[in-house]
Amino acid sequence: MPRIIIDGQTIECRERVPVLQAALEAGWDVPHYCYHPGLSIVASCRLCLMEMKMPDPKTKELAWSPKLVPSCQTPVRDGMEVRFDSPLVRENRSHCMEYYLLNHPLDCPVCDQAGECYLQDYSYNFGNATSRMVDPKTKNPKKDVGSKTWLYQDRCVMCTRCVRFCAEVAGTAELCVTNRGNRAEIDVFPGIPLENPLQGNVVDICPVGALLDKDFLMRQRVWMLRSTDSVCPGCSTGCAIGVDHNEGRIWRLKPRFNPGVNDWWMCDEGRFGWKYVHDPRRITRAMIRRGADEERPDWQEIPDVLRFRFRAIEQQQGGKTIAAVLSPFMACEEAWLLAKFIRGIASEATLVVGPAPVVGGDQCFPRTHSSGGNGNGDGAPPADKARFVIRAEKCPNRRGVERIVERMGGARLSFAEFIDAAGKGQFAAAWISGGSPTPWVEKPLVQAMGKVGFVLLHDILPSDLLPLAGAVLPACAWAEREGSFMNHTGLVQPFEAALPPPEGAQRDGQYLYALSGQVGLYRAETVRAMMAQEMPEFAQVHEAPAAAEHAH
Amino acid sequence: MIDWLKEILASQFGLSMLVMLLAVGGVMGAAAWLILFERKVAAWTQDRYGPNRVGPRGLFQPIADGLKLFLKEDIIPGKVDRALFIFAPCIALIIGMLGVAIVPFGGVMRWSDGGPLLKVQVASIDIGLLYVVAVGSLGVYSVVLGGWASNNKYATYGGMRAAAQMLSYEVPLGLCLLVCILSTGQLRLEGMVERQIQSCWLGILQPLVFVLFFTTALAEANRAPFDLAECEQELVGGFHTEYSAMKWALFFFGEYAHMVSTSAVMVALFLGGWEPIPFSLKIGGWLESVSPLAWLGAMLKWITLDPSPWAALVRGGVYVGKVGCLIFCYMWVRWTLPRFRFDQLMRLAWKAMVPTGMALAVWAGFLVYWGRPMSAWALAGNGILLLLCGMISVASGRPTTGRQDSLPKVEGVS
Amino acid sequence: MGRNWKETDVLVVDQPELNMAERLYLPILDGLRVTLKHVVSPGRRKRMVVQYPEQQRVLRTETYRGVHRLNRDEQGRVACTGCFMCETACPAHCIHIEAGEAPWPDREKYPIKFEIDELRCIYCGMCEEACPVDAIELTPEYDMVGRSRSEMVFDKEKLLAVFDATKNVKPRKNPAITGY
């Protein structure tokens, strides 16, 4: 590992990274706009310039170079010495900031970026309090570049991160720079709006308030949001995300840096896929049918009532007539608790993995024609070479639930076999877990369930099964639960609960915990430790590394 | 019919009934208007006017308050001991008023010359002062029962505090009474007043006893600075936290009735009862010899001794006036002094007042043995004792308030 | 926790030594004298007390912090830009804003909802300090009543009405500022 000296301190850094990256990783807050570790380097913003020791051409002795060099474009070399903490560097930053703010409208009060804006931060740290600009400011209009983003051109600093993202990661290259010099602008080509499945990322990587999310526009100020580390449930990639919430509501999702899984990115499907969490139709109350009456029991009595019902069926009709469908939307801990409960009632009960929705094929990026293609004709690379993949399997935890069912052993059926068997009247009681944000209950399932004596529906949105169900338990959305998902590569990624469960509901984990005979508060970590004794693959979880401010 | 009434009125029984009616009505009304007076005194000490909206200068405020209290929702919280909860405020009022029974408002009178001498008093009983002590001590029941029945920890704390406080202050109270009994050789209140008229007011002869008694009376009535039983900062409302409407008001009435009766007893014990000024017989006799002021001297003697109903009425007025002054003192003290801390309260009772009271009782006993119980020696003894107390206190080197030196050292602080 | 306290960190303050008079509680007489002085001087209270509502104090309109108002710009539109600065600065959390795109071409953002819970407010004036466009101001109005809690939650219309009612008493400081 190379050792370099920054501001007199020797640090060790990775091979073949820019000095800027090494400094950021070592804890220096070096200002930068154009540099992004996930994109190519252009060295256009000139904020990260540093002083470097070079051999004097005459004396051949090492001395500070008179000219500043961009730290983002200078790879680390063992023994090199650089400094950021020098009057020259600071002066450069101050001049750069003055230049960037020449035409800036200073409309922070109405700008959504305020609070997480690199312009604000750097201006506060290195900038000047007043502007020497005497001419009227150039006012660029805001542009409707795509269905999901606004471009406020007057706030832009021309770092071209968005242009490079579209070209290099999405591969669709909708954005470009038009005009030159003082008049340079970001724009789309006429008639071709910014419409790619990763476009939300341009808002994230924009260091200023130029590209804004239409969905989040003017809804909340960012300093009021609290971010909870979570995992996207949209597909089996399992992107690390932050759920930004306030007042019990999700306002936006942001990707977190998670090398090897989603790097810095996430897709729009996942980014805007949280709306069902606040669906007014959601099932929020538990219900147990007794004859023609619908009872709304207290959460305290539900474990006893359900245990009693299942025991009665087990004793009267035998354990073989009990089945449980474990949804791939459940967290590993919840699936395990449910499986344990059912097997605790009857050891010969059947476990079924619920249907995993598949939509189309995997979408791989960048979609350039030069990258070889995967034979689909859309210019996308094969999945193993892609920089980002949106999986066709639109559920977060099929692999995890399958693994648990496998390791539990005993009677297992596929979902199709289960529908068949249930249609033949083999089951007297079935626990059906759903939790899918999209409608998933199809006719064969409803017909088959008509033959089952006692159906317990455990779902998030109402469906045709609701009138058949002898008992209904509300499922919480992923943002209201805690647990872990096993993604398509087998990584177990934990996520935290961002929101409280909706009024009247209880977290799935909590009542499953109580059903399995445990007392107290459900903690996913505790359950995971219990699981790990039987299934060591759950002992190790994969967590995205924490990132410093301005790191990406 | 009228003859029958006259006959009854002419007897001691009839007069007692009359006085009783007047006293009960008077104390009840007084309690209502004393609350107004209290608020006025509070306002005055704070440079305010106090209630001045209902009636002239706010004089009808008690009526408005009473109406409000009657119309308020009377809440009995769940899980309280209902019987005791309702009973407690009643005790407060009853006990507060019982003390008035033996107060000698106007000495003796007769309706007509040659008629029997009657005592202007509800009951003249042999055990006089013992009755006062016995009845006064019952007052703690209302507070303790109210606090206990409320089923509220703050109320219970308030009740417990009140109990501890009253038990503690009963001791110096008893010692003070002992001094009075020793000095006058009487248990009947009217007898004590007569002894004071003959020689001198005990408040003058034994000022230290008077101050001690006044202090214990404050504590017994749960008045500031000894109102720890209803300490808002610590106990919400104290023993009456759960009370509302008229039941709450009864506690208030009880407190003011208690003030009235203890003040009345104090007037009899220390301030010469119905005597308008100290030494009024001697001064009156002397004034009679000074020709221009002879009428004044005669009037003093007439007020103090004459058995006519009119003189008795004036005597009653003098008595009530003195009671009013003492009640003003109660309020004056309340709006001047902050509340004691509980340990300070206990220290004051057991370490300061009980020893002082004992010394005073011993000195009074010595004077009785010497045969001069009501002489200037008593006053001299009070002064010397006060000086002695101060010297002992200074010599003991400990502040009488504040830091607890005996606490263990805090871990980590060297 | 976890701090190692040194001897020098602790300042030991002894109680002042009491003299003999103080030990005998005699200074109580001093206090009684002071309060009695106030009781017997009616002139003092006559000077101090304002008989509200017959008498009312003349308030300094510039500095008194009473009911809030939302200023209008010169075109009569709400001057607020919905930047949430007041909501952020509010220590009592009594301001609730919902912002949206302004319906006017020259303005970017405006408050769709703007509510102040006047019962929760502590009238500190931080919102006024925080406002970048001087849209929220505190007025000298202080005698407001309501029959319910919800009535005391002032919405945008009510706050604008307060402006209309008080603009003659206290004109806007910077009428030219209209927002973004």
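**Details of the overall build of chain A**
So, step 1. The number of helices and strands found in chain A is 13 helices and 26 strands.
So, step 2. Its C-alpha atoms give chain A principal-axis dimensions of about 95 × 50 × 50 Å.
So, step 3. In chain A, the proportion of contacts linking residues at least 24 apart, taken out of those at least 6 apart, comes to 67%.
So, step 4. Each charge sign in chain A was given a centre, from 62 positive and 66 negative side chains, and these centres are 2 Å apart.

**Describing the arrangement of the chains**
So, step 1. The highest contact count of any of the two pairs of chains in contact belongs to chains B and C.
So, step 2. Between chain A and chain B there is no contact; the minimum C-alpha to C-alpha separation amounts to 24 Å.

**Let's talk about the domain arrangement of chain C**
So, step 1. By domain assignment, chain C separates into domain 1 (18-49) and domain 2 (68-166).
So, step 2. Each of domain 1 of chain C and domain 2 of chain C has a C-alpha centre, and these two points are 48 Å apart.

**Some details on the confidence of the model for chain A**
If pLDDT is low for a region, its predicted coordinates should not be looked at in detail.
So, step 1. Scored by pLDDT, chain A has a mean of 90; 98% of the residues are at 70 or more.
So, step 2. In the predicted structure, residues 370-375 of chain A sits below a pLDDT of 50 and forms nine contacts with residues beyond four places in sequence or in another chain.

**Side note on helix H13 (residues 294-305) of chain B**
All names here are of chain B.
So, step 1. Taking 1.5 Å per residue, twelve residues should reach 16 Å; H13 reaches 16 Å between its end C-alpha atoms and fits that length.
So, step 2. Burial in H13 covers these residues: Gly-297, Leu-300, Ile-303 and Thr-304. Mapping the buried residues of H13 onto a view down its axis gives an arc of 130 degrees, with all of them on the same face.
So, step 3. Looking at the buried positions of H13, the neighbouring elements they touch are helix H7 (189-198), helix H12 (280-289) and helix H14 (309-334).

**Focus on the pattern of salt bridges**
Two side chains with opposite charge may pair up if their charged atoms get near one another.
So, step 1. Inspection of every chain in the model, using the stated rule, returns 53 salt bridges over all chains.
So, step 2. Note that Glu38(B) is salt-bridged to Arg334(B), the shortest N-O span being 3.4 Å. Of the two residues, Glu38(B) sits in helix H2 (residues 12-45) while Arg334(B) sits in helix H14, which places them 296 residues apart along the sequence.
So, step 3. Note that Arg53(B) and Glu54(C) form a salt bridge whose closest N and O atoms lie 2.9 Å from each other. Linking Arg53(B) in the loop between H2 and helix H3 (61-71) with Glu54(C) in the loop between helix H3 (42-48) and strand S1 (68-70), this pair reaches from one chain into another.

**A closer look at the interface of chain A and chain C**
So, step 1. With 15 residues of chain A at the contact, the number on the chain C side is 14 residues.
So, step 2. Among the residues chain A hides against chain C, the three largest losses belong to Pro109(A), Val110(A) and Met218(A). Together they make up 44% of the total.
So, step 3. Summed over the shared surface of chain A and chain C, the number is two salt bridges.
So, step 4. Lys142(A) serves as the salt-bridge partner of Glu108(C), at 3.4 Å between the closest nitrogen and oxygen.

**Considerations on unusual backbone geometry**
So, step 1. Geometrically, the link from Phe365(A) to Pro366(A) is a cis peptide bond, its omega value of 0 degrees lying close to zero.
So, step 2. On the secondary structure map, Pro366(A) appears in the loop between strand S19 (363-365) and strand S20 (388-390).
So, step 3. Note the cis peptide between Tyr52(C) and Pro53(C), where omega equals 5 degrees.
So, step 4. Topologically, Pro53(C) is positioned in the loop between H3 and S1.
So, step 5. We note that Ala43(A) has phi near 55 degrees; this positive angle belongs to a residue other than glycine.
So, step 6. Unlike most non-glycine residues, Tyr25(C) shows phi in positive territory, near 60 degrees.

**Some remarks on the environment of Asp268(A)**
Residue and element names in this part refer to chain A.
So, step 1. As for its position among the elements, Asp-268 is in helix H6 (residues 268-271).
So, step 2. C-alpha separation for the pair Asp-268 and Gly-200, spaced 68 residues apart in sequence, amounts to 5.8 Å.
So, step 3. Ignoring sequence-local partners within four residues, the contact set of Asp-268 consists of Lys-148, Asn-196, Pro-197, Leu-198, Gln-199, Gly-200 and Gly-273.

**Observations regarding the sheet that holds strand S7 (residues 142-143) of chain A**
All names here are of chain A.
So, step 1. Read from one edge of the open sheet, three strands run S7-S8-S11, paired in antiparallel fashion. What marks the edges here is a single partner per strand, and that holds for S7 and strand S11 (211-213).
So, step 2. The sheet contact formed by S7 and strand S8 (residues 149-152) spans two bridges and is antiparallel. Paired with Lys-143 across the strands is Leu-151, a residue of S8.

**Brief notes about the packing of helix H9 (residues 207-220) of chain B against H14(B)**
In a pair of packed helices, the angle between the axes and the distance between the axes together describe the arrangement.
All names here are of chain B.
So, step 1. Following both chains from N to C, one finds H9 and H14 inclined at 70 degrees, their axes separated by 11 Å at the closest point. Relative to H14, the element H9 is oriented roughly perpendicular. Considering the relative orientation of H9 and H14, their crossing is right-handed. Of the residues in H14, those in contact with Phe-210, Phe-214, Ala-217 and Leu-218 of H9 are Leu-326, Cys-329, Tyr-330 and Val-333.
So, step 2. The residue makeup of the contact of H9 with H14, split by class, is eight nonpolar, no polar and no charged.

**Describing the confidence of the model for chain C**
So, step 1. Summing up the model confidence of chain C, the mean pLDDT is 86 and the portion of residues at 70 or higher is 93%.
So, step 2. Per-element averaging of pLDDT across chain C places helix H1 (residues 20-23) of chain C at the bottom with 82 and strand S5 (residues 153-154) of chain C at the top with 94.

**Here we look at the state of the cysteines**
So, step 1. Applying the stated criterion across every chain yields a total of zero disulfides over all chains.
So, step 2. Looking at Cys111(A), it has no disulfide partner, and the nearest cysteine sulfur is the one in Cys117(A), 6.1 Å off.
So, step 3. In this model Cys131(C) remains outside any disulfide bridge; the closest cysteine sulfur is found in Cys83(C), 6.0 Å from its own.
So, step 4. What makes Cys131(C) buried here is its relative accessible area of 13%.

**Observations regarding the packing of H2(B) against H3(B)**
Residues and elements named next belong to chain B.
So, step 1. Where H2 meets H3, the axes come as close as 9 Å, and the angle between the chain directions of the two elements is 115 degrees. Taken together, the axis directions place H2 and H3 in an arrangement best described as roughly perpendicular. Read as a crossing pair, H2 and H3 show a hand that is right-handed. Touching Ala-32, Trp-33, Leu-36 and Arg-39 of H2 are Gln-61, Pro-62, Ile-63 and Asp-65, all from H3.
So, step 2. Of the residues that constitute the contact of H2 with H3, the class distribution is five nonpolar, one polar and two charged.

**Section: the pairing of strand S24 (residues 471-474) of chain A**
Residue and element names in this part refer to chain A.
So, step 1. By the alternation rule, side chains of S24 split into Ala-471 and Leu-473 and Val-472 and Pro-474, which are all buried.
So, step 2. In the sheet, strand S15 (residues 287-290) pairs with S24 via two bridges, with the strands oriented antiparallel. Bridge assignment links Ile-288 to a residue of S24, and that residue is Ala-471.

**Let's talk about the sheet that holds strand S2 (residues 95-101) of chain C**
All names here are of chain C.
So, step 1. The strand order across the open sheet built from three strands is S2-S3-S5, with neighbouring strands paired in antiparallel fashion. Edge positions in the sheet fall to S2 and S5, since each of these pairs with one other strand and no more.
So, step 2. Two strands pair when backbone bridges link them, and S2 and strand S3 (residues 109-117) are joined in this way by seven bridges, in the antiparallel orientation. By the bridge assignment for S3, Glu-98 is matched with Lys-113.
So, step 3. Contacting S3 and S5, helix H6 (residues 156-166) runs over the sheet at an angle of about 85 degrees to S3.

**A look at the domain arrangement of chain A**
For interface size, the figure often reported is the accessible area lost on association.
So, step 1. Partitioning chain A into structural domains gives domain 1 (3-97), domain 2 (287-358 + 395-538) and domain 3 (363-392).
So, step 2. Taking only C-alpha atoms, the centre of domain 1 of chain A and the centre of domain 2 of chain A are 55 Å apart.

**A closer look at the nonpolar core**
So, step 1. Counting 106 residues, the largest nonpolar core has Tyr169(B), Phe213(B), Phe226(B), Met266(B), Leu269(B), Phe270(B) and Tyr319(B) as its most contacted members.
So, step 2. If you tally residues by element for this core, the top one is helix H11 (residues 245-270) of chain B, at 16 residues.
So, step 3. In terms of nonpolar packing, the next biggest core, distinct from the first, is built from 64 residues, Tyr33(A), Cys117(A), Val157(A) and Ile250(A) among them.

**A short note on the side chain of Ser484(A)**
All names here are of chain A.
So, step 1. Here Ser-484 is to be found in strand S25 (residues 483-486).
So, step 2. Polar contacts involving the side chain of Ser-484 include one to the side chain of Glu-333, which spans 2.8 Å.
So, step 3. The contact partners of Ser-484, leaving out residues within four places of it in the chain, are Ala-331, Cys-332, Glu-333, Asn-397, Val-492, Gln-493, Pro-494, Phe-495 and Arg-528.

**Quick word on the packing of aromatic side chains**
The geometry of an aromatic ring pair is captured by the separation of the ring centres together with the interplanar angle, meaning the angle of the planes.
So, step 1. For the structure on display, the rule yields 36 aromatic pairs over all chains.
So, step 2. When the centroid spacing of 6.4 Å and the interplanar angle of 80 degrees are considered together, the rings of Phe37(B) and Trp44(B) count as edge-to-face.
So, step 3. Ring pairing ties together the aromatic residues Tyr33(A), Tyr99(A), Tyr100(A), Tyr118(A), Tyr122(A) and Phe126(A), which thus form one cluster.
So, step 4. A cation sits over an aromatic face here: Arg252(A) above Phe216(A), 4.8 Å from the ring centre.
So, step 5. Over the ring of Trp104(C) we find Arg77(C), and its NZ or CZ is 4.8 Å from the ring centre.

The rules behind these values
- Residues numbered from 1 in each chain as written.
- Chains lettered and ligands numbered in written order.
- Predicted model: local features only at pLDDT ≥ 70, side-chain atom pairs only at ≥ 80, totals over all residues.
- Heavy atoms only, no water.
- Helix = DSSP H or I, 4+ residues; strand = E, 2+ residues; numbered from the N terminus.
- Contact = heavy atoms within 4.5 Å.
- Lys, Arg positive; Asp, Glu negative; His and termini not counted.
- Charge placed at Lys NZ, Arg CZ, Asp CG, Glu CD.
- Domains from an automatic or database assignment.
- pLDDT = per-residue confidence, 0-100.
- Expected span 1.5 Å × (residues − 1).
- Buried < 20%, exposed > 50% of the residue type's maximum accessible area, 1.4 Å probe, protein only.
- Arc of directions from axis to C-beta.
- Salt bridge = Lys/Arg side-chain N within 4 Å of Asp/Glu carboxyl O.
- Buried area = accessible area lost by both parts, 1.4 Å probe.
- Pairing = 2+ DSSP bridges.
- Axes fitted to C-alpha atoms, helices over the stretch in contact; angles between N-to-C directions.
- Parallel < 35°, antiparallel > 145°, perpendicular 65-115°, else oblique.
- Left-handed = near helix turned anticlockwise from the far one by under 90°.
- Nonpolar A, V, L, I, M, F, W, Y, C, P; charged D, E, K, R; others polar.
- Disulfide = S-S within 2.5 Å.
- Core = buried A, V, L, I, M, F, W, Y, C linked by side-chain atoms within 4.5 Å.
- Polar contact = N/O pair within 3.5 Å; in protein donor to acceptor, adjacent residues only side chain to side chain.
- Phe/Tyr/Trp six-rings, centres within 6.5 Å; stacked < 30°, edge-to-face > 60°.
- Lys NZ or Arg CZ within 6 Å of the ring centre and 35° of its normal.

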